[in-house]
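# Report on the structure
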Amino acid sequence: GRIPLQKSGRELFGTVIKHAKMQKTVTVKVDHHFWNNKYNTFYRTTSKYLVHDEEAGCITGDKVVIKQCPKQSTRKSYYVRNIVKEFPRSYYYEKPKQPMALEIEEEYKKIIRETMQQEISKYQIRNSKRLKEVKAEIKSQALRKAVQNLRKLHAARLGTTDKKVGSKQTLGSGIRAPLENEKKSRPV
């Protein structure tokens, strides 16, 4: 049904389009519908409002009712009266990390700490763009090393060598590099 709102723009119904950019402030998009006498149709305009959110409980996608209040800043003159329909929160969909993924992450952080300063000192860095490129390269190398180290550790736990670990054996979330003795299939 309809949501009862106060007249003349004191209360508005809208959708949160930005949150967490400013403290206790969200941006709300409100649709206004007007009748056009010339064309005998409704037309729609949208307005964006900065709205005070005291509890910081709104996220992008929530349907809210905002109410007019004394100005809190130059652009903020509304506050969130209530959340009508909540957008699904991300913590419902987050899956717990697998133990192997946690091991890879710990190993990766350890390798990054050890090698970052040493590797950066090797390169001649003239600007911040080059520094970002070098850091990205170092991080990708560190991830590869972490996966390799954990493969060796996993193989040692199973009591096998690297060559005996099957080609279908994977660690973490499907991370696998081709083995040396694995043959590449060629189309005939």
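Given the structure is predicted, the values throughout are model-derived calculations rather than measurements.

## Observations regarding helix H2 (residues 128-158)
Over its 31 residues, H2 extends 45 Å from the first C-alpha to the last, a length consistent with the 45 Å expected when each residue adds 1.5 Å. One or two positions beyond H2, positive phi appears at Gly159, with a value near 80°.

## Some details on the nonpolar core
With 11 residues, the main nonpolar core is built from Leu12, Val16, Val26, Val28, Val30, Val51, Cys58, Val64, Ile66, Tyr78 and Val80. The set of elements that each furnish at least two residues to this core consists of strand S1 (11-22), strand S2 (25-36), strand S4 (63-68) and strand S5 (76-85). With 3 residues, S2 is the largest single contributor of residues to this core. Each residue touching Val80, except ones within four places of it in the same chain, is listed here: Val26, Val51, His52, Asp53, Cys58, Val64, Val65 and Ile66. Ile111, Ile120, Ala142 and Ala146 belong to the second-largest nonpolar core, a separate cluster that totals 8 residues.

## What about a nonpolar patch on the surface?
Residues Leu5, Phe13 and Val84 make up a contiguous nonpolar surface patch of about 220 Å² in total accessible area. Its location among the elements puts Leu5 in the segment before S1. The exposure class of Leu5 is partly exposed, given its relative accessible area of 34%.

## Re the packing of aromatic side chains
As enumerated under the stated definition, the model contains 3 aromatic pairs in all. Ring centres of Phe34 and Tyr43 lie 5.8 Å apart, and the angle between their planes is 40°; on these two criteria the pair is classed as tilted. Overall, the relative accessible area of 39% leaves Phe34 in the partly exposed class. Its relative accessible area of 40% is what places Tyr43 among the partly exposed residues.

## Comments concerning the pairing of S4
Pairing of S1 with S4, which is carried by 5 bridges, proceeds in the antiparallel orientation. Its bridge partner lying in S4, Gly14 is registered against Val64.

## As for the sheet that holds S5
Think of a sheet as strands paired side by side through backbone hydrogen bonds, with each pair either parallel or antiparallel. Taken in spatial order, the 5 strands close into a barrel running S1-S2-S3-S5-S4, and their pairing is mixed. On average, each strand axis in the sheet is tilted by 45° relative to the strand beside it, whichever way the strands run.

Basis of the calculations
- Residues numbered from 1 in each chain as written.
- Predicted model: local features only at pLDDT ≥ 70, side-chain atom pairs only at ≥ 80, totals over all residues.
- Heavy atoms only, no water.
- Helix = DSSP H or I, 4+ residues; strand = E, 2+ residues; numbered from the N terminus.
- Expected span 1.5 Å × (residues − 1).
- Core = buried A, V, L, I, M, F, W, Y, C linked by side-chain atoms within 4.5 Å.
- Buried < 20%, exposed > 50% of the residue type's maximum accessible area, 1.4 Å probe, protein only.
- Contact = heavy atoms within 4.5 Å.
- Patch = residues over 30% accessible without salt bridge, like charges linked within 9 Å, V, L, I, M, F, W, Y side chains within 5 Å.
- Areas by Shrake-Rupley, 256 points an atom, 1.4 Å probe, with all protein chains shown as cover.
- Salt bridge = Lys/Arg side-chain N within 4 Å of Asp/Glu carboxyl O.
- Phe/Tyr/Trp six-rings, centres within 6.5 Å; stacked < 30°, edge-to-face > 60°.
- Pairing = 2+ DSSP bridges.
- Axes fitted to C-alpha atoms, helices over the stretch in contact; angles between N-to-C directions.

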